[in-house]
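Tertiary structure, described
Listed below are the residues making up each chain.
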Amino acid sequence: MGLILRAIDELKMDMKKMLFVSGIGCAAWIPSPHFDGDTLHTLHGRAIAFATGAKLFNPDLCVMVVSGDGDLASIGGNHLIHAARRNIDLKVICANNMIYGMTGGQAASTTPRGAKTTTSEEGNPYRPFDLSRLVMAAGATYVAKYSVTQPISLIHAIKKALRHVGFSFIEVLSPCPTQFGRRNRLDRPEEMIQELLRRCILEEEAKGLTEEQLAEKMITGEFLK
Amino acid sequence: MYDLTLRAFNLSEQYRVPSMVMADEAVGHLREAVRFLAKIEVWDRTKQKGGAPFGTEEGGGVPPMPAFGEGERLAVTGSTHDALGFRKTDDPKVHAALVERINQKISKNRESIVETEEYFLDDSDIAVIAYGFTARSGLYVVRRLREEGVKIGMLRLKTLWPFPDGKVREVGRRVKKVVVPEMNRGQVADEARKYCPCDVIPIGQTNGEVIRPETIIDTLRKIV
């Protein structure tokens, strides 16, 4: 939340003229009801559908979508790929905690293989989406992926997305200790943060590493500018 | 479909509810001449700077609502909310007021929303109550039998919800028998039975085909 606000403030945008759309989930509570603009808190998975409608009616409106991975890429996956395909000028910020958190910790399309969730007690048998690659392939024209442990880069990316005309997607790796961490041996919030700090690296940092070291890393950065 | 679609949009904007145009497969496949209006009446909803978009003093009233981007900080949420749109799910008074308001805005305005058409009902002993594609077969039957001197008329339902209970009750009092042909197991016949003091005879047909006039005439010959 703070990073989005800082980005808007640094760009000196008028928040009152912006529309923030969100779905259902903890991330969806970031803009609604707190932001000082128009807010639209919609049905689970349909944030992008509503956002497309609002943008269609008023193309001059700056429309930002803030929601989670369960909402945007699991139940709402279809809307995501088509909005990206059509390159609709939406700024989509996806808080990816790799689970359906608010509803109690069910496996989502982004849950890592082997992870324990309430709907995969023996470990998730399916491979997850690589959201950034998915959205890029679908047709998005600005794609970035950072962790919450990279705040400065995130503010920079959010500002780029706000200025970009076309479908922007920012994947923000966010920890959920309550539903994900607790079931997957990362009980304490600080453990999840430290794990993110350790695993998230930039493309340049990946160059010197061996395949074994790379296996557990998550490469972050601006993938499509 | 053209006229009703226009009306659906206007009703939707006027009452701030979803409006469903329910054509069936047969209507959807029709090819006919359509008379386009030179001037279309478009309903523009009222707006009020700083007004509460989800609350109104008048029972049956529809609150003014801004559009996004007008700087009104419009808060829309699917959860139970107060008059300003702020989510409030733990206050029974707020919840009750919300449910009451959104129901009243339709129930108090029934008469101007409900739409029906009447054919030859002034001096009829039998009435056909029909809607959708079946109303075409129904009207053909009524015209045919009128030529033979049968005192028959038709009430065509154009809105199915809110249900035109007033008109159906009125027709049910005037005639001796009501016949309801429909391509289902009697959904509207059941509704008509609630309001008609006379006999309601359903003609249900669920074989994937439209109801032909002959089918309706067969049933009518048996009961006349």
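Right above here is the structure, for reference.
Values in this document were obtained by computation on a predicted structure and should not be read as measured data.

1. Some points on the sheet that holds strand β5 (residues 177-182) of chain B
All names here are of chain B.
- In space, the five strands of this open sheet follow the order β2-β4-β3-β5-β6, with mixed pairing throughout. Edge strands, defined here as strands with exactly one partner in the open sheet, are β2 (116-119) and β6 (199-204). Averaged over all pairs of adjacent strands, the angle between strand axes in this sheet comes to 20°, irrespective of strand direction.
- As paired elements, strand β3 (residues 126-131) and strand β4 (residues 152-157) share six bridges and run parallel to each other.

2. As for the pairing of β4(B)
All names here are of chain B.
- Burial analysis of β4 places five of its six residues in the buried class, which makes it a mostly covered element.
- Pairing between β2 and β4: four bridges, direction antiparallel. In the sheet register, E117 faces β4, and the bridge partner there is R156.
- Where the polypeptide runs from β3 across helix α5 (residues 134-147) and back to β4, its parallel neighbour, the crossover connection is right-handed.

3. Some thoughts on empty space enclosed by the protein
- Applying the stated rule across the entire model yields one cavity of 30 Å³ or more.
- As a volume, the largest cavity reaches approximately 60 Å³.
- Along its surface, the largest cavity is lined by A:W29, A:S32, A:P33, A:T39, A:H41, B:A75, B:V76, B:T77, B:G85, B:F86 and B:R87.
- Breaking the lining of the largest cavity down by element, the ones donating at least two residues are β2 (38-41) of chain A together with β1 (75-77) of chain B.
- With three residues, the top contributor of residues to the lining of the largest cavity is β1(B).
- Across the lining of the largest cavity, the residue classes break down as five nonpolar, five polar and one charged.

4. Here's the deal with the interface of chain B and chain A
- Opposite the 14 residues of chain B that make contact, chain A presents 14 residues.
- Both sides together, the interface formed by chain B and chain A hides about 1200 Å², and carbon and sulfur atoms give 58% of it.
- The largest per-residue losses of area from chain B upon contact with chain A belong to B:F68, B:G69 and B:R73, which jointly make up 47% of the total buried on that side.
- Scanning the region where chain B abuts chain A turns up one salt bridge.
- For B:R73, the salt bridge identified is with A:D36, shortest N-O distance 2.1 Å.
- For the pair chain B and chain A, the interface holds eight residue pairs in polar contact (both at pLDDT 80 or more).
- When its residues are assigned to classes, the side of chain B that touches chain A shows six nonpolar, four polar and four charged.

5. Things to note about the nonpolar core
All names here are of chain A.
- Core analysis: the largest hydrophobic core is formed by 31 residues, its most contacted members being I48 and F167.
- Listing elements by their share of this core, those giving two or more residues are β1 (18-22), α2 (47-57), β3 (62-68), α3 (69-75), α4 (77-85), β4 (91-96) and α5 (131-138).
- Setting aside chain neighbours within four positions, we find I48 in contact with V65, L72, H79, L80, A83, L90, V92 and F167.
- In terms of nonpolar packing, the next biggest core, distinct from the first, is built from 25 residues, M18, Y146, L162 and I170 among them.

Each value, and the rule that gives it
- Residues numbered from 1 in each chain as written.
- Chains lettered and ligands numbered in written order.
- Predicted model: local features only at pLDDT ≥ 70, side-chain atom pairs only at ≥ 80, totals over all residues.
- Heavy atoms only, no water.
- Pairing = 2+ DSSP bridges.
- Helix = DSSP H or I, 4+ residues; strand = E, 2+ residues; numbered from the N terminus.
- Axes fitted to C-alpha atoms, helices over the stretch in contact; angles between N-to-C directions.
- Buried < 20%, exposed > 50% of the residue type's maximum accessible area, 1.4 Å probe, protein only.
- Right-handed = clockwise from strand over helix to strand, strands pointing away.
- 1 Å grid on protein atoms, 1.4 Å probe; cavity = no way out; pocket = protein on both sides within 12 Å on 5 of 7 lines; lining within 4 Å.
- Points joined across faces, edges and corners; volume = space filled by probe spheres on them.
- Nonpolar A, V, L, I, M, F, W, Y, C, P; charged D, E, K, R; others polar.
- Contact = heavy atoms within 4.5 Å.
- Buried area = accessible area lost by both parts, 1.4 Å probe.
- Salt bridge = Lys/Arg side-chain N within 4 Å of Asp/Glu carboxyl O.
- Polar contact = N/O pair within 3.5 Å; in protein donor to acceptor, adjacent residues only side chain to side chain.
- Core = buried A, V, L, I, M, F, W, Y, C linked by side-chain atoms within 4.5 Å.

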